[in-house]
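# A closer look at the structure
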Amino acid sequence: MSKVNERNLVVGLDIGTSKISVAVGEITPDNQLSIVGVGNQPARGMDKGGVNDLNLVIQSIQRAINEAELMADCQISSVYLGISGKHISCQNENGMVPINDKEVIQEDVDNVIHTARSVPISAERRMLHVLPQEFSIDCQDGIKSPIGMSGVRMEAKVHIVTCANDMAKNIVKCVERCEVKADQLIFSALASSYAVLTDDEKELGICVVDMGAGTMDIAVFAGGALRHTAVIPVAGNQVTSDIAKIFRTPLSHAEDIKVQYACALRQMVSMEENIEVPSVGGRPARSMSRHTLAEVVEPRYQELFELIQEELREAGLEDQIAAGYVLTGGTAKMEGVVEFAEEVFQMPVRVAKPKGMSGLKEYVDDSTYSTVVGLLHYGMQANEQQSTQGNKSEGIASITSRILAWFKGEF
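Structure report, in brief. (Residues numbered from 1 in each chain as written. Predicted model: local features only at pLDDT ≥ 70, side-chain atom pairs only at ≥ 80, totals over all residues. Heavy atoms only, no water.)

### Observations concerning the packing of helix 8 (residues 290–315) against helix 9 (residues 337–345)
- The N-to-C vectors of helix 8 and helix 9 enclose an angle of 50 degrees; their axes lie 10 Å apart at closest approach. As summarised for this structure, helix 8 and helix 9 are arranged oblique, according to the angle between their axes. Every pair of crossing elements has a handedness; the one defined by helix 8 and helix 9 is right-handed. Contacts between helix 8 and helix 9 involve Glu 298, Tyr 301, Gln 302, Phe 305, Glu 306, Ile 308 and Gln 309 from the first element and Val 337, Phe 340, Ala 341, Val 344 and Phe 345 from the second.
- Split by residue class, the contact of helix 8 with helix 9 holds eight nonpolar, two polar and two charged. (Axes fitted to C-alpha atoms, helices over the stretch in contact; angles between N-to-C directions. Helix = DSSP H or I, 4+ residues; strand = E, 2+ residues; numbered from the N terminus. Parallel < 35°, antiparallel > 145°, perpendicular 65-115°, else oblique. Left-handed = near helix turned anticlockwise from the far one by under 90°. Contact = heavy atoms within 4.5 Å. Nonpolar A, V, L, I, M, F, W, Y, C, P; charged D, E, K, R; others polar.)

### Brief notes about helix 2 (residues 106–117)
- For helix 2, spanning 12 residues, the distance from its first C-alpha to its last is 17 Å, which sits close to the expected 16 Å at 1.5 Å a residue.
- Buried residues of helix 2: Asp 108, Val 109, Val 112, Ile 113 and Ala 116, and no others. Along the axis of helix 2, the buried residues cluster in a sector spanning 130 degrees; they form a single face.
- Turning to helix 2, the residues buried within the fold contact strand 9 (89–98), strand 10 (125–137) and strand 12 (153–164). (Expected span 1.5 Å × (residues − 1). Buried < 20%, exposed > 50% of the residue type's maximum accessible area, 1.4 Å probe, protein only. Arc of directions from axis to C-beta.)

### Quick notes on the pattern of salt bridges
- Here the structure, examined in full by the defined rule, presents 13 salt bridges.
- One salt bridge connects Glu 201 with Arg 350, and the closest N-O pair in it is separated by 2.9 Å. Remark: Arg 350 occurs in strand 20 (residues 349–351) and Glu 201 occurs in helix 5 (residues 199–204); sequence separation between them is 149 residues.
- The exposure class assigned to Arg 350 is partly exposed, which follows from its relative accessible area of 31%.
- For Arg 290, the salt bridge identified is with Glu 335, shortest N-O distance 2.8 Å. Here Arg 290, found in helix 8, pairs with Glu 335, found in the loop between strand 19 (325–328) and helix 9; they are 45 residues apart in sequence, far enough to count as distant.
- Of the residues examined, Arg 290 reaches a relative accessible area of 10% and is grouped as buried.
- If you follow the salt bridges from partner to partner, you end up with Glu 134, Lys 157 and Arg 227 in one network. (Salt bridge = Lys/Arg side-chain N within 4 Å of Asp/Glu carboxyl O.)

### Here's the deal with the environment of Cys 139
- In this fold, Cys 139 is placed in the loop between strand 10 and strand 11 (140–143).
- With a relative accessible area of 74%, Cys 139 lands in the exposed category.
- Separated by 29 residues in the primary sequence, Cys 139 and Asp 110 place their C-alpha atoms 20 Å from one another.

### What about the nonpolar core?
- Ranked by internal contacts, the top residues of the largest apolar core, which has 69 residues, are Leu 13, Ile 15, Val 24, Ile 61, Ile 76 and Leu 81.
- For Leu 81, the residues in contact, after removing those within four places along its chain, are Leu 13, Ile 15, Ile 171, Val 172, Val 175, Ala 182, Gln 184, Leu 185, Ile 186 and Leu 375.
- Among the nonpolar cores identified, the runner-up in size contains 42 residues, and Val 209, Leu 317, Leu 327 and Ala 341 belong to it. (Core = buried A, V, L, I, M, F, W, Y, C linked by side-chain atoms within 4.5 Å.)

### Looking at the packing of helix 6 (residues 236–247) against helix 8
- One way to put it is that helix 6 packs onto helix 8 with a least axis distance of 10 Å and a crossing angle of 140 degrees. By the angle class used here, helix 6 and helix 8 are oblique. Considering how the two elements wind past one another, helix 6 and helix 8 form a crossing that is right-handed. Contact residues: helix 6 offers Gln 238, Val 239, Asp 242, Ile 243, Ile 246 and Phe 247, while helix 8 offers Thr 292, Leu 293, Val 296, Val 297, Arg 300 and Tyr 301.
- Counted by class, the contact of helix 6 with helix 8 contains eight nonpolar, two polar and two charged residues.

### Here's the deal with the sheet that holds strand 10
- One open sheet accounts for four strands, arranged 9-12-10-11; its pairing is antiparallel. Looking at which strands have only one partner, the edges of the open sheet turn out to be strand 9 and strand 11. Neighbouring strand axes in the sheet, compared pairwise and without regard to direction, differ in orientation by 35 degrees on average.
- Alignment of strand 10 against strand 11, held across two bridges, turns out to be antiparallel. Of the residues in strand 11, the one forming a bridge with Ile 137 is Gln 140.
- Strands in contact with helix 2 are strand 9, strand 10 and strand 12; relative to strand 9, the strand with the most contacts, it is inclined by about 130 degrees. (Pairing = 2+ DSSP bridges.)

### A closer look at the pairing of strand 16 (residues 225–232)
- Strand 16 sits mainly inside the fold: eight of its eight residues count as buried.
- Bridging between strand 15 (residues 216–222) and strand 16 involves seven bridges; their strand directions are antiparallel. Paired with Phe 221 across the bridge in strand 16 is Leu 226.
- Between strand 15 and the antiparallel strand that follows it, strand 16, lie two residues; Gly 223 among them carries a positive phi value of about 60 degrees.

Nothing here speaks to function; it is all geometry.
Here is the structure:
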């Protein structure tokens, strides 16, 4: 078995409410992402993005990791880990610093971001991301990359995403019990955005909604930067629960019925179509109209879409998303979702699958894999940044060693 480090591999782990996905990507010499292994297991012991039963979650993660290791023929030692849950919150902050050399260098950018992130946050919370939105130098606003520009003082606007420290510790503990290190925690909707959004959409203004089983994760981009993040703790499981209660069928069967036959918009289903509904307690199965199923599902989807709309309205961002909405995740796959969402939002809507990869991509060619593929893209960018910073420090080290050698030669 080859170790992860020998081949240039990056691993993503997405622990969802209903399934756990592991994807192993190889960074090719021409800097492309090639999928070499995938592991998938039903999640047990998770609820709305949080850990309910530590041992069950550990078992599920271990199985998914083993599956991916077998397929990729490698040993996974570290992962980029997705995190979600209603404990996630965000805030926008500003920071300001004087420019030292009359021209902005990387150190000034680091300082201004550090100043912006130095806001007091309570002890039980942890910072996940500090993402620069834009910079301004003296009286010029809206600068994307300030390095090399002249000025006296620089201001930065940043978007800070925080999570509950205990929730993060629990999810990291589950991973570490499988003898795997969590390199970094990444908010799920941010990860998904790496896999499904185009630069044009981010510039124009877009809302990406990762509709899972337990939560809907929202990330809003405008002007090329992240403006707002949120988690709504209601999602696909509510639809399954409605079907189970109204049709009096076990939850596992309700899930199957939802996946196979449900439609989010009742006018798209004919009255004549019938489906077989298993009963509880060994009673005989019944025949039901598929139209009746759509009548149960539609109000719940309407509620989900209205919750998303309300979140954007409260954040004051409804007018900024000219490119509309991108839906991803398992709950977005249902027939009629795009048509119904466009009706509710009065905006363009598309359901997205992950893009920008090669190799065994047919294994992840589905919107349920957006987060885990996004984690690979995120990890790949993080590796690039580390290697460029490493090259800089190596350069500094070699200059220092040359000076030392010169001194030793002189004296």
